[in-house]
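As a plain string of letters, each chain reads:
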Amino acid sequence: MNTLAQIHTDIDTRVKAIRDDHSDWLCGLGCDGCCHRLSEIPLLTKAEWDLLKEGLSALPLEQLREIGQNIAALNEQTSRPIICPMLDRSAGACRVYAHRPVACRTYGFYVQRDKGLYCKDIETRVADGDWAEVVWGNQDAIDHRLSGLGDTRELTEWFTHW
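Reference entry: report on the structure contained in this document. (Residues numbered from 1 in each chain as written. Predicted model: local features only at pLDDT ≥ 70, side-chain atom pairs only at ≥ 80, totals over all residues. Heavy atoms only, no water.)

Describing the environment of Gly150
Here's step 1: Within the secondary structure, Gly150 sits in the loop between α7 (139-146) and β6 (152-154).
Here's step 2: C-alpha separation for the pair Gly150 and Gln6, spaced 144 residues apart in sequence, amounts to 15 Å.
Here's step 3: The contacts of Gly150, once residues within four sequence positions are left out, are Thr45 and Lys46. (Helix = DSSP H or I, 4+ residues; strand = E, 2+ residues; numbered from the N terminus. Contact = heavy atoms within 4.5 Å.)

Quick notes on the pattern of salt bridges
Here's step 1: Enumeration according to the criterion identifies 7 salt bridges in this entry.
Here's step 2: We note a salt bridge from Arg95 to Glu66, for which the minimum N-O separation is 3.3 Å. Of the two residues, Arg95 sits in the loop between β3 (93-94) and α5 (102-106) while Glu66 sits in helix α4 (residues 61-76), which places them 29 residues apart along the sequence.
Here's step 3: The class for Glu66 is partly exposed, based on a relative accessible area of 34%.
Here's step 4: Salt-bridge contacts for Asp151 lead to Arg153; the nearest nitrogen and oxygen are separated by 3.7 Å.
Here's step 5: Residue class for Asp151 comes out partly exposed when judged on its relative accessible area of 48%. (Salt bridge = Lys/Arg side-chain N within 4 Å of Asp/Glu carboxyl O. Buried < 20%, exposed > 50% of the residue type's maximum accessible area, 1.4 Å probe, protein only.)

As for the layout of surface pockets
Here's step 1: The computed volume of the largest pocket comes to approximately 1200 Å³.
Here's step 2: Taken together, 49 residues form the lining of the largest pocket, with Val102, Ala103, Cys104, Arg105 and Tyr107 sitting closest to its centre.
Here's step 3: Within the residue set of the lining of the largest pocket, elements represented by two or more residues are α1 (4-21), α2 (33-36), β1 (43-45), β3, α5, α6 (120-127) and α7.
Here's step 4: Looking at the lining of the largest pocket, its residues break down into 26 nonpolar, 12 polar and 11 charged. (1 Å grid on protein atoms, 1.4 Å probe; cavity = no way out; pocket = protein on both sides within 12 Å on 5 of 7 lines; lining within 4 Å. Points joined across faces, edges and corners; volume = space filled by probe spheres on them. Nonpolar A, V, L, I, M, F, W, Y, C, P; charged D, E, K, R; others polar.)

Points about the packing of aromatic side chains
Here's step 1: Using the criterion set out here, one finds 3 aromatic pairs in the structure.
Here's step 2: Between Trp49 and Trp162, the aromatic rings sit 5.8 Å apart at their centres with planes inclined by 80°, giving edge-to-face as the arrangement. Taken together, the residues span a long stretch of sequence, with Trp49 in helix α3 (residues 46-57) and Trp162 in the segment after α8 (155-161) at a distance of 113 residues.
Here's step 3: Between the aromatic rings of Phe159 and Trp162, the centroid separation amounts to 5.6 Å while the plane-to-plane angle is 75°, which identifies the pairing as edge-to-face.
Here's step 4: Owing to a relative accessible area of 41%, Trp162 belongs among the partly exposed residues under this scheme.
Here's step 5: Here a set of aromatic residues connected by ring pairs shows up, and it is made of Trp49, Trp158, Phe159 and Trp162.
Here's step 6: Over the face of the ring belonging to Tyr97 we find Arg100, whose NZ or CZ atom lies 3.7 Å from the ring centre. (Phe/Tyr/Trp six-rings, centres within 6.5 Å; stacked < 30°, edge-to-face > 60°. Lys NZ or Arg CZ within 6 Å of the ring centre and 35° of its normal.)

Things to note about the packing of α1 against α7
Here's step 1: For the pair α1 and α7, the least separation of the axes is 10 Å and the interaxial angle reads 165°. Considered as vectors, α1 and α7 are oriented roughly antiparallel to each other. The crossing of α1 and α7 is right-handed. Along the contact surface, α1 presents Leu4, Gln6, Ile7, Asp10 and Ile11, while α7 presents Ile142, Arg145 and Leu146. (Axes fitted to C-alpha atoms, helices over the stretch in contact; angles between N-to-C directions. Parallel < 35°, antiparallel > 145°, perpendicular 65-115°, else oblique. Left-handed = near helix turned anticlockwise from the far one by under 90°.)

Considerations on the environment of Gly108
Here's step 1: Summarising the element assignment, Gly108 is placed in the loop between α5 and β4 (110-111).
Here's step 2: Since its relative accessible area comes to 1%, Gly108 is described here as buried.
Here's step 3: Between the alpha carbons of Gly108 and Trp136 there is a distance of 8.8 Å; along the sequence they are 28 residues apart.

This is how it looks when you write it as structure tokens:
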């Protein structure tokens, strides 16, 4: 079964296992480091966009407008890293957390080293021996499963056509 819900369940299970083994894991509410250091505009499958759209639709109009402005700015931005347009910068939290894309769910727990998609703070903890026995999830496997969930487009393109 390759549905988005099953992928989320599998990710949640892996993340829970990592957190259960490492109660001092860095990822949590208020840690928005990865949200401030995106290397590219997130790619979403159609299924991910449909879920994200539900979360966006539930936001107050003022927040949705702000996200729209942030996304429009991304279309013009050529420098990297970029900041996630859905991040509430004052709270350090995602405005659509329950509806967030798979890339956000896996960051810090899954690794795709050839693209540099891993948390440097976590890697330092592992390298220093604090979490030497950590078993990372495989981001390439997740991406393979996502490939069956419809067209993949940049977040900015999905949002603009919405």
